[in-house]
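# Chains, contacts and geometry: an overview
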Amino acid sequence: MALLDVLTVPHPILKKKAKPVSKVDDALRAQLDDMLETMYHAKGIGLAANQVGFLNRVVVMDVEQDENGPGTPIFLINPEIIWESEEISVLEEGCLSVPEQYGDVERPNKIKVRFLDYDGNEQEMEAEDLAAHCVQHEIDHLNGRLFIDYLSSLKRNMMVRKVKKITRDKA
């Protein structure tokens, strides 16, 4: 396994739409493993392929991890939301591609998602609260959308400027 570089705004790949995966093979599973390791290392709860430079529809997440280590990692290949509740929730979201910036985002509180798992088997999963926000956030990435796109242009532009400064200072 290898740590991957997490791209930050305004990298152009973050605004591109990822392409569906045609087959689940060892190369894709290696990408999933590397993405999971990268997500844990960066202390994130979700990571989409775009964020590490791949333009395929792949997500890893683990909303159950804590200070003692990993919880239950979930691998979503070609995820598709097939149902969402009318009930809305607002949670503060952050993003590894928008480091140290947070904003309240309104999303359906419950969803059902269809996807292929690590072995290429079709699955369906229901998610609510934080897990539902995480799945929707990561699918947004696959569609070239960031959580900051839900915010006012003033807040979004301010966050992008801050991230540019943070990344410039770390370089």
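Now for a look at the structure at hand.

The terminal C-alpha atoms of helix H3 (residues 153-170), which comprises 18 residues, lie 26 Å apart, in line with the 26 Å expected from a rise of 1.5 Å per residue. Of all the residues in H3, the buried ones are Met159, Val160, Val163 and Ile166. With its buried residues spanning 125° around the axis, H3 presents them on a single face. Facing away from the buried surface of H3 by more than 90 degrees, the exposed residues are Leu154, Arg161, Arg168 and Asp169.

On the secondary structure map, serine 85 appears in the loop between strand E3 (74-84) and strand E4 (88-95). Within the structure, serine 85 has its side chain in polar contact with the backbone nitrogen of asparagine 109 (distance 3.4 Å). The residues touching serine 85, leaving out its near neighbours within four places in the chain, are Pro108, Asn109 and Lys110.

Glancing now at the packing of aromatic side chains. Enumeration over the complete set of coordinates arrives at one aromatic pair. Positioned above the aromatic ring of tyrosine 150 is the side chain of arginine 145, whose terminal nitrogen or guanidinium carbon lies 3.9 Å from the ring centre.

Another aspect to go through is the sheet that holds strand E1 (residues 46-48). The strand order across the open sheet built from five strands is E1-E2-E3-E6-E7, with neighbouring strands paired in antiparallel fashion. The open sheet has two free edges, formed respectively by E1 and strand E7 (122-128), since each of these has just one partner strand. Pairs of neighbouring strands in the sheet enclose a mean axial angle of 40°, with direction left out of account. Where E1 lies against strand E2 (residues 58-61), three bridges are found, and the strand directions are antiparallel. Residue alanine 48 lies in a different strand from E2, and its bridge partner there is valine 59.

In this section: the pairing of E4. Two strands pair when backbone bridges link them, and E4 and strand E5 (residues 98-108) are joined in this way by seven bridges, in the antiparallel orientation. Each residue of the ladder has a partner; that of leucine 91, found in E5, is valine 105. Hairpin connection of E4 to E5: two residues between the antiparallel strands.

Below, the discussion takes up the state of the cysteines. Across all of its chains, the model carries zero disulfides by this definition. The closest cysteine sulfur to the non-disulfide-bonded cysteine 95 is located on cysteine 134, 10 Å from its own sulfur. Take cysteine 95: its relative accessible area is 10%, and that puts it in the buried class. On the basis of relative accessible area, cysteine 134 is assigned to the buried category, the value being 5%.

Scoring rules and cut-offs
- Residues numbered from 1 in each chain as written.
- Predicted model: local features only at pLDDT ≥ 70, side-chain atom pairs only at ≥ 80, totals over all residues.
- Heavy atoms only, no water.
- Helix = DSSP H or I, 4+ residues; strand = E, 2+ residues; numbered from the N terminus.
- Expected span 1.5 Å × (residues − 1).
- Buried < 20%, exposed > 50% of the residue type's maximum accessible area, 1.4 Å probe, protein only.
- Arc of directions from axis to C-beta.
- Polar contact = N/O pair within 3.5 Å; in protein donor to acceptor, adjacent residues only side chain to side chain.
- Contact = heavy atoms within 4.5 Å.
- Phe/Tyr/Trp six-rings, centres within 6.5 Å; stacked < 30°, edge-to-face > 60°.
- Lys NZ or Arg CZ within 6 Å of the ring centre and 35° of its normal.
- Pairing = 2+ DSSP bridges.
- Axes fitted to C-alpha atoms, helices over the stretch in contact; angles between N-to-C directions.
- Disulfide = S-S within 2.5 Å.

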